[in-house]
Amino acid sequence: MTTAVLREMRWWDIEPVLELEKDLFPEDAWSRGMFWSDLAHARGPQATRRYFVAEDESPDGSRRIIGYGGLAAAGDVADVQTIAVAREHWGTGLGAVLLTELLRAATAFECAEVMLECRVDNVRAQKLYERFGFEPIGFRRGYYQPGNVDALVMRLRDPAASVPEAPSAPSAPSAPSAPSAQGTESNG
């Protein structure tokens with residue numbers, strides 16, 4: 001059973017996020033610099049990024065990052081940069097919670113559509129995106145390196161229509177969540 005708290009990702013979250021990133025994406029993990037760069041554009045009146053972390057709280061009150069997600073906006077198009085959920089929390093609905101928050105961010109940025117790239121072999125993530133209304137629109141051959149894995153490009157028109165009214169963190173197992181859906185490869 002997962003009880004997650006979502007909050008804005010901050011610079012002090014980079015190290016624990018990198019640990020999770022390296023575990024989930026050993027071949028093509030984002031670098032520290034990539035996270036720093038995106039977070040530099042996530043605050044203030046000119047912000048074009050939104051990043052969130054999901055934490056669980058143990059009985060002793062300590063918290064641990066169990067998932068994260070990020071989105072970039074440019075004009076009226078947003079791009080899911082990354083979504084990742086710790087393996088032990090797959091299937092809890094946390095991926096859907098993170099994606100919902102990213103779509104809320106796209107709506108706040110007044111984006112008319114949201115794009116993402118997903119590894120062609122990441123069927124769990126593809127199913128999550130399809131549940132939210134994303135449609136496949138093409139491929140990027142050899143996009144994920146060094147494994148030379150193709151990316152499935154997906155698009156969601158009108159992200160506001162795909163967002164539930166009230167946010168909710170998962171509290172019981174539900175539909176499977178994406179282990180990652182790294183648009184620009186979790187690594188966006």
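Conventions adopted
- Residues numbered from 1 in each chain as written.
- Predicted model: local features only at pLDDT ≥ 70, side-chain atom pairs only at ≥ 80, totals over all residues.
- Heavy atoms only, no water.
- Axes fitted to C-alpha atoms, helices over the stretch in contact; angles between N-to-C directions.
- Helix = DSSP H or I, 4+ residues; strand = E, 2+ residues; numbered from the N terminus.
- Parallel < 35°, antiparallel > 145°, perpendicular 65-115°, else oblique.
- Left-handed = near helix turned anticlockwise from the far one by under 90°.
- Contact = heavy atoms within 4.5 Å.
- Nonpolar A, V, L, I, M, F, W, Y, C, P; charged D, E, K, R; others polar.
- Pairing = 2+ DSSP bridges.

**Structural notes on the packing of helix H1 (residues 14-24) against helix H2 (residues 32-39)**
Running from N to C, H1 and H2 cross one another at 130°; their axes reach a closest spacing of 10 Å. In terms of orientation, H1 and H2 fall into the oblique class. The two elements H1 and H2 cross, and the hand of that crossing is right-handed. Here H1 contributes Ile-14, Glu-15, Val-17, Leu-18 and Glu-21 to the contact with H2, which in turn contributes Arg-32, Phe-35, Trp-36 and Leu-39. Its residues placed into classes, the contact of H1 with H2 shows six nonpolar, no polar and three charged.

**Section: the sheet that holds strand S4 (residues 77-85)**
Ordered by their spatial adjacency, seven strands build an open sheet running S1-S2-S3-S4-S5-S7-S6, and the pairing between neighbours is mixed. The open sheet terminates on both sides in strands that have one partner only, identified here as strand S1 (4-8) and strand S6 (135-144). The mean inter-strand angle of the sheet, taken between neighbouring strand axes irrespective of direction, is 25°. Two elements, strand S2 (residues 49-57) and strand S3 (residues 63-74), share nine bridges in a ladder whose sense is antiparallel. Looking across to S3, one finds that Glu-57 is bridged to Arg-63. Across the face of the sheet, H1 comes into contact with S2, S3 and S4 while running at roughly 85° to S3. Sheet strands in contact with helix H3 (residues 94-108) are S1, S2, S3, S4, strand S5 (113-119) and strand S7 (149-157), and its direction is about 160° off that of S4.

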